[in-house]
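As a plain string of letters, each chain reads:
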Amino acid sequence: MQTDNKVYVLPDMGDSLCEQLGIRFTLLEEGLAKAIMPVDERTCQPFGVLHGGASLALAESVAGHGSMPLCPPGQIPCGIQVSGNHLRMVPKGTTVEATGRLIFRGRTQHIWNVDITTPDGKLVSTARVVNQLVKQRT
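A short tour of the structure in this document, coming up. (Residues numbered from 1 in each chain as written. Predicted model: local features only at pLDDT ≥ 70, side-chain atom pairs only at ≥ 80, totals over all residues. Heavy atoms only, no water.)

So, on to the sheet that holds strand β6 (residues 95-105). Spatially, β3-β4-β6-β7-β8-β5 is the arrangement adopted by the six strands of the open sheet, whose pairing is antiparallel. Because the sheet does not close on itself, it has two edges, and the strands there are β3 (24-29) and β5 (75-86). The sheet shows a mean angle of 20° between the axes of neighbouring strands, taken without regard to direction. In the sheet, strand β4 (residues 32-38) pairs with β6 via seven bridges, with the strands oriented antiparallel. Residue Ile-36 lies in a different strand from β6, and its bridge partner there is Glu-97. (Pairing = 2+ DSSP bridges. Helix = DSSP H or I, 4+ residues; strand = E, 2+ residues; numbered from the N terminus. Axes fitted to C-alpha atoms, helices over the stretch in contact; angles between N-to-C directions.)

Before going further, it helps to spend a moment on the pairing of β3. Pairing between β3 and β4: five bridges, direction antiparallel. Among the inter-strand pairings, Arg-24 is bridged to a residue of β4, identified as Ile-36. From the end of β3 to the start of β4, which pair antiparallel, there are two residues, and Gly-31 there has a positive phi angle of about 80°.

Once that is clear, we can look at the pattern of salt bridges. If you walk through the whole model with that rule in mind, you get four salt bridges. Of the charged contacts, one joins Asp-40 and Arg-42 as a salt bridge, the two residues approaching to 2.7 Å between their closest N and O atoms. Judged by relative accessible area, Arg-42 falls into the partly exposed class, the value being 40%. (Salt bridge = Lys/Arg side-chain N within 4 Å of Asp/Glu carboxyl O. Buried < 20%, exposed > 50% of the residue type's maximum accessible area, 1.4 Å probe, protein only.)

We now examine the side chain of Ser-55. Among the structural elements, Ser-55 can be located in helix α2 (residues 52-67). In this structure, Ser-55 is in contact with Met-37, Leu-50, His-86, Ile-116 and Ser-125, ignoring residues within four places of it in sequence. (Contact = heavy atoms within 4.5 Å.)

Turning our attention to the nonpolar core. In this structure, Ile-23, Met-37, Leu-50, Leu-58, Val-96 and Val-114 are the most contacted members of the largest nonpolar core, which totals 27 residues. Those elements that place two or more of their residues in this core are α1 (17-21), β3, β4, α2, β6, β7 (109-117) and β8 (123-135). If sequence neighbours within four positions are ignored, Leu-50 has contacts with Met-37, Val-39, Thr-43, Cys-44, Gln-45, Ser-55, Val-90, Val-96 and Val-124. (Core = buried A, V, L, I, M, F, W, Y, C linked by side-chain atoms within 4.5 Å.)

In structure tokens, the structure reads:
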């Protein structure tokens, strides 16, 4: 993804959780990341509404990918804390969008606020994600 003459390359999603849940990134800028996720059989409770765990997975994924281009060489982000509040049910058959904003950029940690909304902009969930910057294993 490109913004302000900087190109951020997302890692290959392979057979990752993002791929399994249908998460697609739509924007990646310094301190801002966005993604969409379908509300379907992969992301719903048995009652036909968005699963809170899928929302938290979306939030952590957005924050993690948002931290990637901010990491020093040889380091990667590792989510160490996620907390969220679920405010609205979303029925199967639609999508949600997550918008992550960096609120603290330290030497060893990044803190993100991630809001998940419906297509018409209603707040579904809000989450706080803390990423620890760790040495990349080879």
